[in-house]
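Spelled out, the chains give:
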Amino acid sequence: MHLSRGVAALAGVASIALILAGCGQKSGQANKTIKTSTDSELTTVDPSKTTAVGTFNVLNNVDEGLVRLGKNSKVEPGIAKSWTVSKDGKTYTYNLRKGTKWSNGDPVTAKDFVYSWQRTLNPKTASQYGYLFSGIKNADKIQNKKAKVSSLGIKAGGNYKLTVTLEQRIPYFNLLMGFPVFFPQDAKAVNKYGNDYGTSAKTQVYNGPFTLTGWTGTNNKWTLKKNTDYWDKKAVKLDDIKFSVQPDSSTSLNLYNQGKLDMSQLSATQAKQMGNKKDMISRKQSSNYYIAVNQKNKVFKNLKIRQAMSMIINRKTLANKVMGGGAIDNNSFVSEGLAVSPKNGTDFTKDTTAPASMTYNPTKAKQLFKEGLQEVGRSSLHFTLLNSDGSDQKQLSEYLQSALQKLPGLTVTLNNIPGRSILSRQADGQFTVTVANWFADFSDPITFLNILTSNNPSNISGWKNSEYDSLIKASNADDGSNANARWDDMVKAQNLALKDQAIIPLYQSGEKWMVNSKVKGIVYNTAGANYNFKEAYVK
């Protein structure tokens, strides 16, 4: 998932930071409002088109899919009250709740899921998340314009029965159902608002625990308001959650210290200053921040130049001293703590092999860079490093500029721009070198590895490798029912991508927070839409 997933999307996607806070409590009354701040703007709340972590967090609370993901990504009933899976794992049948409504009064039916999935996969929609549907009958053919959208393996049996047919077993299928891309959409609303659909709070409809209000599409404030038509409204304790954009972490911390916020994400410098205070917590993120070089450019097709850029970066210093906030150097693209081996319980990052280019070696880096320039007929190189304009990302850009310019003949100019702009620039390939990121959509390594396949819209570097594509295809098809074989495919694929420097991994992000103990019930998951506020409250 891009933050700019960001994207980070991605987040990825510039990073979205949620800072949760209780508002003033009147005497004798329960506090039912949480005030939050974010360091990035909303761009769209169209589930077919967004790629930003912050937006997925909003959609996860204003909408609901077949299932909801609880603590530790546990699959729980959502719009579907129950489901069955065929013995071969290729057919899922969902029984939907009756009486669920959209915020415009329309009933939520099986047909809304059919419409939503077909809309996302329709090539005219140009969704960057269509690849997640791979494995559902005819999904790949539809994306490649070789089959009609109506042939997708999802059928409504009346209003409250939904059948999904897969081409092969997908071990993580129900985890996907908890990700907003698979949520239903109301065709009536899409047709009514046309090109404006999802560009503001008023041009969207909602079926989740909350509804979105107050977002015009360009302003820096919005509110999640309790949805009184939600089927499980008794479980929703908050009246509303108020968001405001605060790109400066110092401002957020000042508000926290003044008692105006209950929870504040810390920058690396702030985290160090706080020491080991009892109200500071860490939250690991299933993410990777990396450098993508535009490999349509002749210079960056040269492997030695890519390897030199990787080798000149001291990742331990970058993670521990520059970024901080729980960031780690794991010598991997797939995040640490996301998945463990079915053979022995080993973390995925421990089963992969990092190449020499992932180790800081300035002497070798300079040698490789010089050789690479000679091979492309250059004596020097200048490029602009594109990144988001959040305070931590500006700090990252400055560190990378300093490190990269140690390569002889290299000059780096910085361009830090708002998150909403970096998304389109990266998607359209309008960059030479950029900092990008990916946040896991679900708890499986394939969520990272898929995006480096040749035709994936999120493969912004344009790297292509047929062997890599074959390994990913096997893991999603022939080896899908064999956990050990599938794991080996994914390990081999990552090793290949790292060796060929498909991208230049930098660090896995984490969060350090100052948290008021009065804030309770927030479900945080490292993968997918991170925040579930359904049962949150202020004590």
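Everything here concerns the structure above.
## Focus: the overall build of the protein
The secondary structure content of the protein amounts to 16 helices and 23 strands. Each of the three principal axes of the protein carries a C-alpha extent, and together these read 70 × 60 × 45 Å. Here the protein holds 69 positive side-chain charges and 41 negative ones, and the gap between their average locations is 2 Å.

## Focus on unusual backbone geometry
The backbone of Asn138 shows a phi angle near 70°, a positive value even though the residue is not glycine. For Asn138, the position within the fold is in the loop between α2 (110–121) and α3 (139–143). Backbone geometry places Asn331, a non-glycine residue, at a positive phi of 50°. With respect to the helices, strands and loops of the structure, Asn331 is situated in the loop between α9 (315–323) and α10 (348–351). Among the residues examined, Asn331 registers a relative accessible area of 27% and is labelled partly exposed.

## What to know about the pattern of salt bridges
Evaluation of the coordinates by the stated rule reveals 12 salt bridges. In this structure, the salt-bridge partner of Asp500 is Arg306, at a minimum N-O distance of 4.0 Å. In this pair, Asp500 is assigned in the loop between α16 (483–499) and β18 (504–507) and Arg306 in helix α8 (residues 303–311), connecting sequence segments 194 residues apart. By relative accessible area, Asp500 is classed as partly exposed at 22%.

## Brief notes about helix α13 (residues 419–427)
Here α13 has its buried residues at Gly419, Ile422, Leu423 and Gln426. Down the axis of α13, the sector holding all buried residues measures 110°, keeping them to one side. Contacts from the buried residues of α13 go to β15 (381–388), β16 (410–417) and β17 (433–439). Gly429, located one to two residues past α13, shows a positive phi value of around 70°.

## A word on the environment of Gln118
With respect to the helices and strands, Gln118 occurs in helix α2. Taking the C-alpha atoms as reference, Gln118 lies 17 Å from Asn195; in sequence the two are 77 residues apart. Residues contacting Gln118, with those up to four places away along its chain left out, are Val149, Ser150 and Leu152.

## Details of the nonpolar core
Of all hydrophobic cores here, the largest spans 105 residues; its most connected members are Tyr94, Trp117, Ile136, Phe173, Phe182 and Leu212. Ranked by residue count, the leading element in this core is α16, at 6 residues. The residues contacting Tyr94, other than those within four sequence positions of it, are Leu66, Ala80, Ser82, Trp83, Tyr160, Lys161, Leu162, Val164, Phe173, Asn174 and Met177. With 39 residues, the next largest nonpolar core counts Ala308, Phe383, Val435 and Tyr507 among its residues.

## Some words on the packing of aromatic side chains
Within this structure, the stated rule accounts for 24 aromatic pairs. With 4.6 Å between their ring centres and 15° between their planes, Tyr172 and Phe442 make a pair best called stacked. With Tyr172 in the loop between β8 (161–165) and α4 (173–176) and Phe442 in the loop between β17 and α14 (446–449), this pair connects stretches of sequence that are 270 residues apart. A single burial state applies to Tyr172 and to Phe442, both of which are buried.

## Regarding the sheet that holds strand β5 (residues 80–85)
Strand order in this open sheet of 4 strands is β5-β6-β8-β7, and the pairing throughout is antiparallel. Where the open sheet ends on each side, the last strands, each with one partner, are β5 and β7 (154–156). Across the sheet, the mean angle separating the axes of adjacent strands is 20° when strand polarity is ignored. Alignment of β7 against β8, held across 3 bridges, turns out to be antiparallel. Each residue of the ladder has a partner; that of Ile154, found in β8, is Val164.

## Details of the sheet that holds β17
In space, the 5 strands of this open sheet follow the order β16-β15-β17-β14-β18, with mixed pairing throughout. What marks the edges here is a single partner per strand, and that holds for β16 and β18. With strand direction ignored, the average angle separating the axes of adjacent strands in the sheet is 30°. In terms of strand pairing, strand β14 (residues 287–293) meets β18 through 3 bridges, oriented antiparallel. What sits directly across from Tyr289, in β18, is Tyr507. α8 rests against β14, β15, β17 and β18 of the sheet, and its axis sits at about 10° to β18.

Cut-offs and rules
- Residues numbered from 1 in each chain as written.
- Predicted model: local features only at pLDDT ≥ 70, side-chain atom pairs only at ≥ 80, totals over all residues.
- Heavy atoms only, no water.
- Helix = DSSP H or I, 4+ residues; strand = E, 2+ residues; numbered from the N terminus.
- Lys, Arg positive; Asp, Glu negative; His and termini not counted.
- Charge placed at Lys NZ, Arg CZ, Asp CG, Glu CD.
- Buried < 20%, exposed > 50% of the residue type's maximum accessible area, 1.4 Å probe, protein only.
- Salt bridge = Lys/Arg side-chain N within 4 Å of Asp/Glu carboxyl O.
- Arc of directions from axis to C-beta.
- Contact = heavy atoms within 4.5 Å.
- Core = buried A, V, L, I, M, F, W, Y, C linked by side-chain atoms within 4.5 Å.
- Phe/Tyr/Trp six-rings, centres within 6.5 Å; stacked < 30°, edge-to-face > 60°.
- Pairing = 2+ DSSP bridges.
- Axes fitted to C-alpha atoms, helices over the stretch in contact; angles between N-to-C directions.

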